[in-house]
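Below, each chain spelled out in residue letters.
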Amino acid sequence: MVVGRYIFTPAAAYSSPDARGTLHVDGAKVELRVTEPLLSDLLTLLDTTQEELSLRWNSQGRSGCHASRT
């Protein structure tokens, strides 16, 4: 998953329980020991939120009832 200039690679679902995700930036690779589960959960939540907001925004446009952007 691309996050700005960073690339987050979660640990594979079928890997060992000790496996950790990695964060890549400018050719450097950092193994996430403590924060990997938190970062993974946050990115999943942000992705879900973005999809939900997109659906809501698009449905407002079709209904004719929407707030104007100012």
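Look up a bit, the structure's there.
A few points on the structure.

Some details on the pattern of salt bridges
- Taken as a whole and judged by the stated rule, the model has two salt bridges.
- Between Asp26 and Arg5 there is a salt bridge, with the nearest N and O atoms lying 3.3 Å from each other. Of this pair, Asp26 sits in the loop between strand 3 (22-25) and strand 4 (28-31) while Arg5 sits in the loop between strand 1 (2-3) and strand 2 (6-9), and the two are 21 residues apart along the sequence. Side by side, Asp26 and Arg5 carry an identical accessibility label, which is exposed.
- Here Glu52 makes a salt bridge to Arg56, at a shortest N to O gap of 2.7 Å. Remark: Arg56 and Glu52 occur in helix 1 (residues 36-63); sequence separation between them is four residues, near one turn of the helix.

Rules and cut-offs
- Residues numbered from 1 in each chain as written.
- Predicted model: local features only at pLDDT ≥ 70, side-chain atom pairs only at ≥ 80, totals over all residues.
- Heavy atoms only, no water.
- Salt bridge = Lys/Arg side-chain N within 4 Å of Asp/Glu carboxyl O.
- Helix = DSSP H or I, 4+ residues; strand = E, 2+ residues; numbered from the N terminus.
- Buried < 20%, exposed > 50% of the residue type's maximum accessible area, 1.4 Å probe, protein only.

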